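Each chain, letter by letter, is given below.
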2 protein chains.
Amino acid sequence: MNSTEKPDDKLTFDECWELLADDALGRIAVVVDGHPEIFPVNYVLHRRNIVFRTAGGTKLWGAVTERPAALEIDGYDPRTEMAWSVVVRGDTAVIQDQEEKDAVDDLNLEPWQPGAKDHYVQLTAHALTGRRFKVAKPDIWNTRLSDRRRASFE
Amino acid sequence: MNSTEKPDDKLTFDECWELLADDALGRIAVVVDGHPEIFPVNYVLHRRNIVFRTAGGTKLWGAVTERPAALEIDGYDPRTEMAWSVVVRGDTAVIQDQEEKDAVDDLNLEPWQPGAKDHYVQLTAHALTGRRFKVAKPDIWNTRLSDRRRASFE
């Protein structure tokens, strides 16, 4: 990611894709019975689609062919004291084709958590937005555990 | 957080609240025009409600008095090689009362990102779920940047 002098910056498409390719853990938001649901997923990029495996159950993925979803990733670069966030909006579809599933498996999309992950779900991006900004209190990042990220995105 | 021998564990209410109190960055999912939206927020706990400040705009918070939302936090403990995730489901309401806003400010809910954060939004929990599990590939966590978290939650 290129450095920037601006305090709050929109990311280019290329920067967004680069960050998506470099990350592996995102949070997916979907609508179930009119209510928002959110859950973390491991994902890989496959032909510029987000692909993840999920147990999810029939409620989420069984009967529905397409479902609007949004995936968010974020992070912090301590060198530049910049935080960033990328959101992919699009439609999900369950992957049925076994060759497609095998291709995804080849990308090392492994479920690290115990339990069956029967559904291979693909999120096709219709919109891609990202931003990056200088955090005002970088010291808070450094005093926390390494896996806690402290920057205000809102 | 207590250690556990089980590979995949539901967290108790107390453990969920403890993790929520100890964290400050979550992702909020809401439904806008039938589509899911997701964005990261800094939050504080105020009387067991999640409170965050947001620009958000009239589209999200201007006209609506209550809006279903879900907040997710997650993390990883390298000592135990356990990852965890907590989800709060409930309704959001815009805080209008100035004394209430002042009380929230006293909790150090500062916008670290540049820009006005006009709305104080409160998420009242109706449901609280959390889980913790042993990651199968802890080495992946250790070889990445400290701000990247690698565990499959799905």
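Calculation rules
- Residues numbered from 1 in each chain as written.
- Chains lettered and ligands numbered in written order.
- Predicted model: local features only at pLDDT ≥ 70, side-chain atom pairs only at ≥ 80, totals over all residues.
- Heavy atoms only, no water.
- Helix = DSSP H or I, 4+ residues; strand = E, 2+ residues; numbered from the N terminus.
- Buried < 20%, exposed > 50% of the residue type's maximum accessible area, 1.4 Å probe, protein only.
- Salt bridge = Lys/Arg side-chain N within 4 Å of Asp/Glu carboxyl O.
- Pairing = 2+ DSSP bridges.
- Arc of directions from axis to C-beta.
- Contact = heavy atoms within 4.5 Å.
- Polar contact = N/O pair within 3.5 Å; in protein donor to acceptor, adjacent residues only side chain to side chain.
- pLDDT = per-residue confidence, 0-100.

1. What about the overall build of chain A?
In terms of helices and strands, chain A carries four helices and eight strands. The order of α-helices and β-strands along chain A, N terminus first, is β-α-β-β-β-β-α-β-β-α-β-α. When burial is assessed residue by residue, chain A has 55% of its 154 residues classed as buried.

2. Observations regarding the pattern of salt bridges
Counted by the stated rule, this structure contains 14 salt bridges over all chains. When salt bridges with common partners are traced through the structure, they connect Asp9(A), Glu15(A) and Arg132(A) into a single cluster.

3. A closer look at the environment of Pro40(A)
One can find Pro40(A) in strand S3 (residues 35-42). Note: C-alpha distance between Pro40(A) and Ile73(A) (33 residues apart in sequence) is 9.8 Å.

4. Some remarks on unusual backbone geometry
Residues other than glycine seldom take positive phi values, yet Asp33(A) does so here, at roughly 55 degrees. With respect to the helices, strands and loops of the structure, Asp33(A) is situated in the loop between strand S2 (25-32) and S3. On the basis of relative accessibility, which here comes to 71%, the residue Asp33(A) falls in the exposed class. Even without being glycine, Glu81(B) reaches a positive phi, approximately 60 degrees. Tracing the backbone shows Glu81(B) in the loop between strand S6 (67-77) and strand S7 (82-94). On the basis of relative accessible area, Glu81(B) is assigned to the partly exposed category, the value being 29%.

5. Considerations on the pairing of strand S8 (residues 119-134) of chain B
All names here are of chain B. By the bridge criterion, five bridges tie strand S5 (residues 49-54) to S8 in an arrangement that is antiparallel. Opposite Ile50, over in S8, you have Leu123 as the bridge partner. Note that S7 and S8 share 13 bridges and pair antiparallel. Looking at the pairing, Met82 lines up with Lys134 of S8.

6. Description of the environment of Lys10(A)
The topology assignment puts Lys10(A) in strand S1 (residues 8-10). Distance in space between the C-alpha atoms of Lys10(A) and Trp84(A) is 9.5 Å, their sequence separation being 74 residues.

7. Describing the pairing of S3(A)
All names here are of chain A. Most of S3 is tucked away, with seven of its eight residues classed as buried. Sheet analysis places S2 next to S3, joined by eight bridges and oriented antiparallel. Within the sheet, the bridge partner assigned to Gly26 lies in S3 and is Val41. With antiparallel pairing between neighbouring strands as the criterion, S2 and S3 make up a hairpin whose turn holds two residues, including Asp33 at a positive phi of roughly 55 degrees.

8. Focus: helix H3 (residues 98-106) of chain B
Residues and elements named next belong to chain B. Every buried residue belonging to H3 is among Glu100, Lys101 and Val104, and all of these are buried. For H3, the angular spread of buried residues about the axis comes to 100 degrees, placing them on one side. Residues Glu99 and Asp106 are exposed on H3 and point more than 90 degrees away from its buried face. Looking at the buried positions of H3, the neighbouring elements they touch are strand S4 (44-46), S5 and S8. The N-terminus of H3 is capped by Asp97, whose side-chain oxygen sits 3.3 Å from the backbone nitrogen of Glu99.

9. Some thoughts on the confidence of the model for chain A
All names here are of chain A. Across chain A, pLDDT averages 79, with 71% of residues at or above 70. At the low end of the mean pLDDT range in chain A sits helix H4 (residues 138-142), at 51; at the high end sits helix H1 (residues 13-22), at 94. Of the regions scoring below 50 in pLDDT, residues 1-5 engages in ten contacts with residues more than four places distant in sequence or in other chains. Note on residues 141-154: pLDDT is under 50 here. Beyond four places in sequence and across chains, it has 63 contacts.

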